Amino acid sequence: MKIVFATGNPHKVEEIQAILKGYELIGLADIGCHEDIPETNPTIKENALQKARYVVENYGVKNCFAEDTGLEIDALNGEPGVYSARYAGPEKDADANVHKVLAKLANYSDRSAQFRTVVALIIEGEEYTFEGIIRGTIQTEKSGSGGFGYDPVFLPEGETRNFAEMSADEKNKISHRAKAVLLLKSFLENR
Ligand code: IMP
């Protein structure tokens, strides 16, 4: 079965294709979509749904899923959340975002946080969402050279290495995104 994954990020297609074996994932470039899909909602779930709906409505696609992810820090009332990509400004600079998080948390002892991913699926006109969460803590300084975004300061619960210190395979076994995509997979397999 072919299914469009509404992302312009080929790394994400590769990462999620490895989980969704048996399905042929089609990226946005493959359906001629080269625009930035709007993400203008105040929640991660609504943004994921917005992206999937946009592709279905504008590109004549039937089966499509999209995902949206945010880092939610307890002491900052869930910030940066839906604004994770542009926390430090519209340039979406990962280094600046991490720096801002570390600065904001400087005076807090509670450094607990979570990544939340919502996958939104539209299939045969019906909408479904699947959520993956991983709890952890924000470290006081960056380390590791893998991953992206906030990985160099996110230490998952029960682990001794942060996401940037793990291999891609190790991260993809436990991550928020993997959890949400596994729920999507079992839904597709059992329908
Ligand atoms: P997106 O929904 O994947 O575009 O993610 C929004 C922002 O959240 C990204 O720009 C990253 O800063 C951050 N982010 C998403 N997933 C991860 C992850 O797995 N590790 C670290 N940061 C992430």
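It should be noted that the structure appears before, not after, this text.
From a predicted model like this one, the values you see are computed outputs, not experimental measurements.

Analysis parameters
- Residues numbered from 1 in each chain as written.
- Predicted model: local features only at pLDDT ≥ 70, side-chain atom pairs only at ≥ 80, totals over all residues.
- Heavy atoms only, no water.
- Salt bridge = Lys/Arg side-chain N within 4 Å of Asp/Glu carboxyl O.
- Helix = DSSP H or I, 4+ residues; strand = E, 2+ residues; numbered from the N terminus.
- Buried < 20%, exposed > 50% of the residue type's maximum accessible area, 1.4 Å probe, protein only.
- Near = heavy atom within 4 Å.
- Polar contact = N/O pair within 3.5 Å; in protein donor to acceptor, adjacent residues only side chain to side chain.
- Areas by Shrake-Rupley, 256 points an atom, 1.4 Å probe, with all protein chains shown as cover.
- Nonpolar A, V, L, I, M, F, W, Y, C, P; charged D, E, K, R; others polar.
- Pairing = 2+ DSSP bridges.
- Right-handed = clockwise from strand over helix to strand, strands pointing away.

**So, the pattern of salt bridges**
Pairing between side chains becomes possible if they bear opposite charge and their charged atoms approach one another.
Here is step 1: What the rule picks out here adds up to 15 salt bridges.
Here is step 2: Between Arg116 and Glu72 there is a salt bridge whose closest N-O contact spans 2.9 Å. Of this pair, Arg116 sits in strand β5 (residues 112–123) while Glu72 sits in strand β3 (residues 64–73), and the two are 44 residues apart along the sequence.
Here is step 3: Close ionic contact of Glu131 with Arg116 constitutes a salt bridge, the shortest N to O distance being 2.5 Å. In this pair, Glu131 is assigned in strand β6 (residues 126–138) and Arg116 in strand β5, connecting sequence segments 15 residues apart.

**Remarks on unusual backbone geometry**
Here is step 1: Residue Pro80 follows Glu79 across a cis peptide bond; omega there is -5°.
Here is step 2: Of note, Pro80 is situated in strand β4 (residues 79–80).
Here is step 3: Look at Asn77: it is not a glycine, yet its phi comes out positive at around 55°.
Here is step 4: Tracing the chain through its elements places Asn77 in the loop between β3 and β4.
Here is step 5: The exposed category is assigned to Asn77, whose relative accessible area is 77%.
Here is step 6: For Lys92, which is not a glycine, the phi torsion comes out positive at approximately 55°.
Here is step 7: Take Lys92: it is sitting in the loop between β4 and α3 (94–105).

**A word on the site of the ligand**
Here is step 1: By nearness alone, 14 residues border the ligand, and Lys12, Thr69, Asp151, Lys171 and Arg177 come closest of all.
Here is step 2: Within the side chain of His176, a nitrogen or oxygen atom sits 2.9 Å from an oxygen atom of the ligand.
Here is step 3: Relative to its free-state accessible area of 470 Å², the ligand is covered by the protein chains to the extent of 86%.
Here is step 4: Of all elements in the fold, only β3 and α5 (176–190) reach the threshold of two or more residues within the shell around the ligand.
Here is step 5: Of all the elements, β3 adds the most residues to the shell around the ligand, at three residues.
Here is step 6: The residue makeup of the shell around the ligand, split by class, is four nonpolar, four polar and six charged.

**A closer look at the pairing of strand β1 (residues 2–5)**
Here is step 1: Judged from the three bridges that link them, β1 and strand β2 (residues 24–26) form a sheet pairing that is parallel. Across the sheet, residue Val4 finds its bridge partner in β2, namely Ile26.
Here is step 2: After leaving β1, the chain enters helix α1 (residues 10–19) and then returns to the sheet as β2, a path that is right-handed.
Here is step 3: Bridge analysis of β1 against β3 gives two bridges, and the strand direction is parallel. Opposite Phe5, over in β3, you have Phe65 as the bridge partner.

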